[in-house]
Amino acid sequence: MEHEIQFEALAEDALLLRFGERIDVDLNAQVQAAAISLRSRIPELECVPAYASLLLRFDPWAWAGDDGQHPHQRLRAVVSATLRDRDQVTVASRELIIPVCYGGEYGPDLEEVAACCGLDVDTVIARHTAANYRVAMLGFAPGFPYLLGLDPQLAVPRRTDPRQRVPAGSVAIGGSQTGIYPEVLPGGWQLIGRTPLRLFDVTASDPSLLAAGDRVRFRAIDEETFRQLLAASPG
Amino acid sequence: MSVSILKPGLLSSLQDAGRPGHAALGVGRAGAMDGPAWQLANALVGNQGGEAAIECTLVGPSLRFERASVIALTGAVIAAHVGSQPIPLWTSCFLPAGSVLQLGGMTHGCRAYLAVRGGFDVTPVLGSRSSDLHARIGYEHGRALRAGDVLPIGAAAALPALPAGNDLRPLHWSLDPQPWFDFDRRPLAMLHGSHWSQLDKASKQWLSDGSFVLSKDSNRTAGRLDGHVLRLQAPLELISEAALPGTLQLPPSGQPIALLAEAPVTGGYPRIGQIAAMDLPRLAQLRPGDTVCFHESTLDEALTRLAARQQRLTQLVETIAQRLEHP
């Protein structure tokens with residue numbers, strides 16, 4: 001169901017479109033569709049999707065009308081019209097397979113996660129690889145994907161003692177979310193595995209492996225495959 | 001043509017206008033904390049506009065200029081010498097080849113900008129030479145400058161030839177810092193944030209009439225405001241939404257956090273206010289321990305003030321360019 005979009009002026013050059021206030025696959029799909037629609041129709045806008053909201057950054061002087069019309073009001077009117085008219089096309093999203101070496105030194109919290117969920121380790125891996133995920137947004141750090149679609153049985157609280165250095169590529173669970181640390185970062189999520197793929201590379205023409213709206217699946221690999229893929233990956 | 005860093009100072013980093021357009025990838029804008037001061041430093045050395053300058057924090061670096069150079073210092077009131085000769089601020093100065101510029105402490109303000117004619121020409125990353133220290137993007141993976149760093153200087157565009165000789169030569173005029181540096185530390189204009197209405201009555205009152213102290217834990221990502229705990233009427237469970245420089249967040253501790261140039265692109269804390277863009281450079285110049293006060297403002301006022309400043313800045317940059325061409 002389409003919800004009424006709430007508009008909120010956040011700053012002189014920033015307008016927030018709020019589609020709802022829940023972490024929800026359908027709400028996020030609306031956010032992604034609106035971002036695609038606005039990017040194609042009004043390319044000068046910077047669109048920043050989050051779970052249930054979309055931030056627009058714009059040049060207020062370019063949006064101020066000759067008649068002195070308020071830039072926020074003018075942008076809001078154009079955005080509303082654009083979203084009303086948007087074609088009901090379903091967006092062909094990319095699907096990426098992320099290889100993950102689960103457990104051991106790569107996923108030091110896997111056993112604790114399994115114990116916390118009342119499952120054995122193999123079942124945790126099977127459920128984590130069975131699910132279809134959607135990148136809801138990138139945030140926290142460059143290229144860090146927040147993924148929707150975690151099996152509710154795998155939801156575990158964040159660590160009470162966050163790590164100062166989570167290794168790059170760590171696949172982790174925090175509450176009902178799962179994500180991947182693109183670089184060495186501090187973090188409080190539970191680490192269940194690690195991918196040899198490089199998620200963020202500023203020198204690449206497309207710096208982030210993942211974008212909001214992408215579909216993601218995880219595939220379990222063994223240690224040897226992890227090392228081979230790591231050696232083969234650039235950088 | 002290069003400049004060597006002899007001593008790095010407390011926290012010196014390369015900064016330009018930042019890196020807009022990549023927030024959807026989780027990359028914030030970063031860039032100079034005091035934008036107008038950075039822009040005027042570039043204008044004073046005759047740069048075209050977007051060049052990187054060194055942002056110094058509280059104590060500046062010492063640098064050796066291999067070749068004859070033209071430099072300018074703006075922003076905070078910083079001690080600057082070549083040998084025993086003081087270097088004036090808010091103007092430009094010719095330095096002969098081999099000069100060692102020693103920047104010291106700041107008597108007013110927190111951030112000074114050192115621009116050089118041609119700009120510090122490191123490789124841009126995602127369209128910017130700005131060091132994002134938090135996201136580790138920019139020069140040498142976005143780190144602060146260190147002793148031993150050698151920074152290349154870009155080729156200066158069509159500008160009057162450098163004077164020959166071995167004397168330091170400041171311009172015979174300088175800018176009045178008053179419009180661009182707030183010596184009186186007046187309150188900062190703040191717009192109501194999304195969750196302002198959910199503050200309790202006393203907290204709303206304190207936010208508009210009371211004062212905070214800028215914590216020593218502040219950095220380019222956030223200024224932490226100590227001294228008075230603010231409370232919501234009821235706890236709020238929020239999902240992550242966009243965050244911006246200038247956003248005043250309220251974490252569960254009740255000590256507000258003002259997001260700054262290296263703000264993360266998303267955040268999950270209640271947003272109780274938004275500091276007017278016009279006043280962010282003034283916040284950037286507050287030192288740990290300084291008092292921070294707010295006054296309530298509206299989006300219309302903020303836009304009007306910002307437009308007026310933008311116009312003044314553009315005019316001043318044009319005037320500087322004309323005077324440099326026809327000295």
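Basis of the calculations
Numbers given for residues are sequential positions, taken from 1 along each chain in its written order. Chains and ligands are labelled by the order in which they are written, letters from A for the one and numbers from 1 for the other. Per-residue local features are limited, in this predicted model, to residues with pLDDT of at least 70; the limit for side-chain atom pairs, both in listing and counting, is 80 or more; totals at the level of whole chains, interfaces and linings are taken over all residues. Side-chain figures throughout are based on the complete set of non-hydrogen atoms in the structure, without hydrogens or water. In this description, contact between two residues means that some pair of their heavy atoms is separated by no more than 4.5 Å. Accessible surface is computed with a 1.4 Å probe, and the buried area is the amount of it that two parts give up when combined, taken over both parts together. Salt bridges are defined by distance alone: a side-chain nitrogen of Lys or Arg within 4 Å of a carboxyl oxygen of Asp or Glu. Note that domain bounds follow an automatic or database assignment of domains. Any N or O atom pair separated by 3.5 Å or less is treated as a polar contact, with the protein-specific requirement of one donor-capable and one acceptor-capable atom, and with residues adjacent in sequence counted only for side-chain atom pairs. Residues were grouped as follows: Ala, Val, Leu, Ile, Met, Phe, Trp, Tyr, Cys and Pro as nonpolar; Asp, Glu, Lys and Arg as charged; and all remaining residues, including Gly, as polar. Cavity means a closed set of points on a 1 Å grid over the protein atoms alone, one where a 1.4 Å probe fits but cannot get out, pocket means an open set with protein on both sides within 12 Å along at least 5 of 7 lines, and lining means a residue has an atom within 4 Å of a point. Grid points are joined across faces, edges and corners, and a volume is the space filled by probe spheres set on the points. Per the convention used, a helix needs a DSSP run of H or I reaching at least four residues, while a strand needs a run of E reaching at least two, with both numbered from the N terminus.

K.L.:
Let's hear about the interface of chain A and chain B: which residues, and what values?
P.N.:
At the junction of the two partners, chain A supplies 41 residues and chain B supplies 34 residues. Across the chain A to chain B interface the summed buried area is about 2900 Å²; carbon plus sulfur atoms make up 65%. At the junction of chain A with chain B, the criterion picks out two salt bridges. For Arg18(A), the salt bridge is made with Glu241(B), and the minimal N-O distance between the two is 2.8 Å.

K.L.:
Describe the domain arrangement of chain A, naming the residues involved and giving the relevant values.
P.N.:
Residue and element names in this part refer to chain A. Considered domain by domain, chain A is made up of domain 1 (6-88) and domain 2 (95-232). Here the C-alpha centre of domain 2 lies 31 Å away from the C-alpha centre of domain 1. At the junction of the two partners, domain 1 supplies eight residues and domain 2 supplies nine residues. A buried area of about 680 Å², summed over both sides, lies between domain 1 and domain 2, and 68% of it is on carbon and sulfur atoms. Remark: the boundary between domain 1 and domain 2 carries zero salt bridges. The interface formed by domain 1 and domain 2 holds three residue pairs in polar contact (both at pLDDT 80 or more) in total. Each residue belonging to the side of domain 1 that touches domain 2 can be placed in one class, and the counts come to five nonpolar, two polar and one charged.

K.L.:
Summarise empty space enclosed by the protein; cite the residues concerned and give the values.
P.N.:
For the coordinates displayed, the defined rule picks out one cavity of 30 Å³ or more. Within this model, the largest cavity holds a volume of roughly 120 Å³. Around the largest cavity, the lining comprises 19 residues; the ones closest to its centre are Arg57(A), Gly28(B), Arg29(B), Ala243(B) and Val265(B). Looking at the lining of the largest cavity, the elements that each hand over two or more residues are strand E3 (46-49) and strand E4 (53-57) of chain A.

K.L.:
Which residues make up the layout of surface pockets, and what values go with them?
P.N.:
The calculated volume of the second largest pocket comes to roughly 1100 Å³. Asp13(A), Arg57(A), Ala17(B), Arg29(B) and Ala277(B) are the residues nearest the centre of the second largest pocket, which is lined by 36 residues in total. Every element with two or more residues in the lining of the second largest pocket is listed here: helix H2 (60-63) of chain A together with helix H1 (35-44), strand E18 (271-275), helix H4 (280-284) and helix H5 (299-325) of chain B.

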